[in-house]
Amino acid sequence: MDFDFDADQQAFIAEVRVFLNEVRQWPDAAEIMCPERESDSILADTPARKAFNRELAKRGYLGLSWPREYGGQERPGIYEYLLNEELSRVGAPLIGKGVGCVGQTLISHGSEKLKQEFLPKILRAEIEFALGYSEPHAGSDLAALKLKAERVDGGWRLNGQKMFTTSAHFADWYWLAARTDFEAPKHKGISLFLVPMDQPGITIHPIETMGEHVTNQVFIDDVFVGDDYLVGEVDRGWTYICEALDYERFTFYTFSPLEEKLKALKETLRNTRRDGDRVIDVPHVRRRMARLIAEVETSKMLQRRVIYAASLGRVPTVEAAMCKLYSTGLHQRLADFALDALGPEGLLHKADHAAPAAGKWEWSYRATALDTIGAGTSEIQKNIIARRELELPLTN
Ligand SMILES: Cc1cc2nc3c(=O)[nH]c(=O)nc-3n(C[C@H](O)[C@H](O)[C@H](O)COP(=O)(O)OP(=O)(O)OC[C@H]3O[C@@H](n4cnc5c(N)ncnc54)[C@H](O)[C@@H]3O)c2cc1C
């Protein structure tokens with residue numbers, strides 16, 4: 001069986017690689033492409049990384065799957081996935097939420113005004129968004145969110161708190177879910193708004209996680225949003241959030257970082273000696289490496305199943321849940337094994353010059369926990385598999 005990409009897709013991958021090789025010559029290439037970065041390597045969070053995204057835009061890599069009437073190329077979504085694979089392989093920022101959930105939702109449901117204001121800026125990579133969904137008591141059960149939007153003359157007044165908003169500290173606009181009807185069933189009273197991140201009444205407090213991912217607590221006090229900045233129809237926000245998740249299921253989780261990490265781990269174990277022997281030659285290390293190699297291949301196949309299901313026009317909910325559950329766990333198993341194999345020195349922080357592999361594995365050990373939580377925890381993925389694949393009853 002041939003699981004590989006077709007000739008046109010392979011040519012696209014080759015073209016992206018040529019472009020990335022050019023970027024390697026840029027003076028700030030080391031900041032743009034940092035595969036050793038274990039946290040936030042997908043974000044355009046510095047001027048150099050933003051400039052890189054503008055170059056992606058200039059070369060026509062943004063909006064690949066968007067309709068032509070909005071400046072897109074109407075290519076199948078797989079090209080966006082392939083682009084993200086190549087970007088994440090070298091630790092460069094991905095094409096992001098603008099062309100993903102924000103742009104796709106505006107194209108499907110946004111007013112003419114919002115389309116004209118935001119879509120061209122997204123295609124030129126001139127604008128960054130933060131997604132404000134989670135709250136202190138609404139994460140896995142997102143529909144329980146309570147941020148209040150009250151009807152006032154000409155718009156809405158927003159009050160409440162968001163949690164874990166990635167990118168809030170450098171984004172320009174907030175893609176914000178709020179409750180517009182407190183009487184309706186919880187999935188039915190939610191609306192989406194676009195709010196400038198620097199609007200008075202928005203206070204951002206950073207949360208530094210153990211993996212060095214910086215996320216934010218955001219307080220919203222009496223923030224006015226005009227009617228024009230309501231996305232789509234009032235109280236339909238839950239439907240838009242779920243649709244947007246479906247667009248991203250197969251562009252968000254890329255496989256190449258696992259493949260690259262496996263190579264890096266082999267390299268580390270080859271170059272590290274304990275009691276005179278190379279660590280890679282120790283029998284129990286070789287046994288576990290063999291198993292990890294097989295697991296990385298399994299992860300690749302799970303990713304291919306997601307792509308295949310999506311290419312048939314199906315929403316790959318179960319396939320994506322299996323892939324996320326397995327792959328994020330595998331990132332953790334790789335780091336865990338690396339620390340076991342490296343012994344006490346493996347625990348040295350990257351700031352310590354004596355740290356093996358420049359402290360990559362110690363950082364990886366701390367950082368890989370985050371992906372088992374963000375975008376749906378491992379338990380939630382198991383619930384999806386239990387309900388949709390095994391048809392087991394769930395109480396919630
Ligand atoms: C790196 C990172 C980036 C993030 N970025 C953003 C962002 O940009 N915007 C945003 O809005 N949010 C973001 N989040 C928040 C993320 O979506 C939530 O953390 C996640 O959905 C879990 O919600 P919670 O933290 O409230 O935990 P809870 O939902 O309270 O869960 C706590 C524990 O209970 C378990 N649990 C909960 N419900 C069930 C159930 N039904 N069955 C079994 N077990 C269950 C969970 O698995 C978990 O172990 C981010 C999180 C991380 C880690």
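Rules of the game
Residues numbered from 1 in each chain as written. Predicted model: local features only at pLDDT ≥ 70, side-chain atom pairs only at ≥ 80, totals over all residues. Heavy atoms only, no water. Helix = DSSP H or I, 4+ residues; strand = E, 2+ residues; numbered from the N terminus. Rg over C-alpha atoms; globule rule 2.2 N^0.38 Å. Contact = heavy atoms within 4.5 Å. UniProt positions renumbered as here; feature names shortened; annotations may be inferred. Domains from an automatic or database assignment. Buried area = accessible area lost by both parts, 1.4 Å probe. Salt bridge = Lys/Arg side-chain N within 4 Å of Asp/Glu carboxyl O. Pairing = 2+ DSSP bridges. Buried < 20%, exposed > 50% of the residue type's maximum accessible area, 1.4 Å probe, protein only. Core = buried A, V, L, I, M, F, W, Y, C linked by side-chain atoms within 4.5 Å. Near = heavy atom within 4 Å. Polar contact = N/O pair within 3.5 Å; in protein donor to acceptor, adjacent residues only side chain to side chain. Areas by Shrake-Rupley, 256 points an atom, 1.4 Å probe, with all protein chains shown as cover. Nonpolar A, V, L, I, M, F, W, Y, C, P; charged D, E, K, R; others polar. Phe/Tyr/Trp six-rings, centres within 6.5 Å; stacked < 30°, edge-to-face > 60°. 1 Å grid on protein atoms, 1.4 Å probe; cavity = no way out; pocket = protein on both sides within 12 Å on 5 of 7 lines; lining within 4 Å. Points joined across faces, edges and corners; volume = space filled by probe spheres on them.

Q: Help me out: how do you make sense of the overall build of the protein in this one?
A: Of the regular secondary structure elements, the protein holds twelve helices and ten strands. The C-alpha atoms of the protein give a radius of gyration of 22 Å, which matches the 21 Å a tight globule of 396 residues would have. On the principal axes, the C-alpha backbone points of the protein span a range of 75 × 45 × 45 Å. For the protein, the proportion of contacts with a sequence separation of at least 24, taken over those separated by at least 6, is 69%.

Q: Looking at this model, I keep getting lost on the UniProt feature "domain: Acyl-CoA dehydrogenase/oxidase N-terminal" (unreviewed entry) in the protein. Mind explaining?
A: Taking the numbering used here, the UniProt-annotated feature "domain: Acyl-CoA dehydrogenase/oxidase N-terminal" (unreviewed entry) corresponds to residues 7–126. For residues 7–126, the end-to-end C-alpha separation is 33 Å, with 59% helix and 0% strand making up the annotated structure.

Q: Just to check I follow, could you spell out the domain arrangement of the protein for this structure?
A: A common measure of how large an interface is: the accessible area buried when the components associate. Here the protein is partitioned into domain 1 (7–94), domain 2 (130–240) and domain 3 (253–389). On a C-alpha basis, the centres of domain 1 and domain 2 stand 29 Å from each other. Contacts between the two partners involve six residues from domain 1 and, on the opposite side, seven residues from domain 2. Taken over both partners, the interface formed by domain 1 and domain 2 buries close to 450 Å², and the fraction arising from carbon and sulfur atoms is 49%. If you sort the residues of domain 1 by the area they bury against domain 2, Ser 39, Asp 40 and Leu 43 come out on top, with a joint share of 67%. Inspection of the region where domain 1 meets domain 2 yields zero salt bridges.

Q: Honestly, the UniProt feature "domain: Acyl-CoA oxidase/dehydrogenase middle" (unreviewed entry) in the protein in this entry has me stumped. Any pointers?
A: Those places that UniProt annotates as "domain: Acyl-CoA oxidase/dehydrogenase middle" (unreviewed entry) correspond, in this numbering, to residues 130–223. Secondary structure across residues 130–223 divides into 0% helix and 50% strand, with the first and last C-alpha atoms of the span separated by 17 Å.

Q: Can you help me understand the pairing of strand β2 (residues 148–152) in this one?
A: Each regular strand carries side chains that alternate between the two faces of the sheet. Sheet analysis places β2 next to strand β3 (residues 155–162), joined by five bridges and oriented antiparallel. Within β3, the residue paired with Glu 150 across the bridge is Arg 157.

Q: Hey, could you run me through the pairing of strand β4 (residues 173–179) in this one?
A: Burial within β4 is extensive, with seven of its seven residues counted as buried. The pairing of β4 with strand β5 (residues 190–196) spans seven bridges and is classified as antiparallel. Residue Ala 178 lies in a different strand from β5, and its bridge partner there is Ser 191.

Q: Just to check I follow, could you spell out the pattern of salt bridges for this structure?
A: Two side chains bearing opposite charge may form a pair once their charged atoms approach each other closely. Within the structure shown, the criterion is met by 29 salt bridges. With a closest N to O distance of 2.8 Å, Glu 135 and Lys 162 form a salt bridge. Here the residue Glu 135 occupies a position in the loop between β1 (129–132) and β2, and Lys 162 occupies one in strand β3, the gap between them amounting to 27 residues. Exposure class is identical for Glu 135 and Lys 162. Each is buried.

Q: I tried to follow the nonpolar core on my own but got confused; where do I start?
A: The tendency in soluble globular proteins is for nonpolar side chains to be buried side by side. By size, the foremost hydrophobic cluster in this structure holds 96 residues, and its most contacted members are Phe 118, Leu 158 and Leu 194. Top element by residues in this core is helix α10 (residues 317–342). It accounts for seven residues. Non-local contacts of Leu 194, meaning those with residues more than four positions away in its chain, are made with Leu 106, Leu 114, Phe 118, Phe 129, Trp 173, Tyr 174, Trp 175, Val 225, Tyr 229 and Val 231. By size, the runner-up hydrophobic cluster in this structure holds nine residues, among which are Val 306, Val 318, Ala 320 and Ile 384.

Q: Looking at this structure, how should I read the site of the ligand?
A: Near the ligand lie 17 residues; those nearest to it are Ser 134, Ser 140, Phe 164, Thr 377 and Glu 379. In the model, an oxygen atom of the ligand is placed 2.9 Å from a nitrogen or oxygen of the Tyr 133 main chain. Take Glu 379: an N or O atom from its side chain is 2.5 Å from an oxygen atom of the ligand. Relative to its free-state accessible area of 970 Å², the ligand is covered by the protein chains to the extent of 66%. When residues of the shell around the ligand are assigned to their parent elements, the largest contribution, three residues, is made by helix α12 (residues 378–389). Looking at side-chain class alone, the shell around the ligand contains seven nonpolar, nine polar and one charged residues. Both domains that furnish three or more residues to the shell around the ligand are identified here as domain 2 (130–240) and domain 3 (253–389).

Q: Help me out: how do you make sense of the side chain of Gln 199 in this one?
A: In this structure, Gln 199 sits in the loop between β5 and β6 (202–208). Residue classification places Gln 199 among the buried residues on the basis of a relative accessible area of 17%. Contacts of Gln 199, omitting those with residues within four sequence positions, involve Val 223 and Phe 224.

Q: I keep staring at the packing of aromatic side chains and nothing clicks. Help me out?
A: Aromatic rings considered in pairs are described by the distance between their centres and by the relative angle of their planes. Counting across every chain of the model gives nine aromatic pairs. Centre to centre, the rings of Phe 118 and Trp 173 are 4.9 Å apart; their planes meet at 90°, and the pair counts as edge-to-face. With a gap of 55 residues between them, Phe 118 in helix α6 (residues 112–123) and Trp 173 in strand β4 connect regions that are remote in the sequence. Here Trp 173 falls in the buried class, since its relative accessible area comes to 14%. Through a chain of ring-to-ring contacts, the aromatic side chains of Phe 12, Phe 19, Trp 26, Phe 52, Tyr 61 and Tyr 79 assemble into a single cluster.

Q: Would you mind showing me how to read the layout of surface pockets here?
A: Over the atoms rolls a probe the size of a water molecule, and its path tells where empty space is left. Counted as a void, the second largest pocket has a volume near 250 Å³. What lines the second largest pocket is a set of 15 residues, and nearest its centre among them are Phe 5, Ile 13, Arg 17, Arg 89 and Arg 304. Every element with two or more residues in the lining of the second largest pocket is listed here: α1 (7–23), α4 (78–89), α8 (256–271) and α9 (283–311). A total of five residues in the lining of the second largest pocket trace back to one element, the largest contributor, which is α4. A per-class count over the lining of the second largest pocket returns five nonpolar, two polar and eight charged. A domain split of the lining of the second largest pocket shows at least three residues from each of domain 1 (7–94) and domain 3 (253–389).

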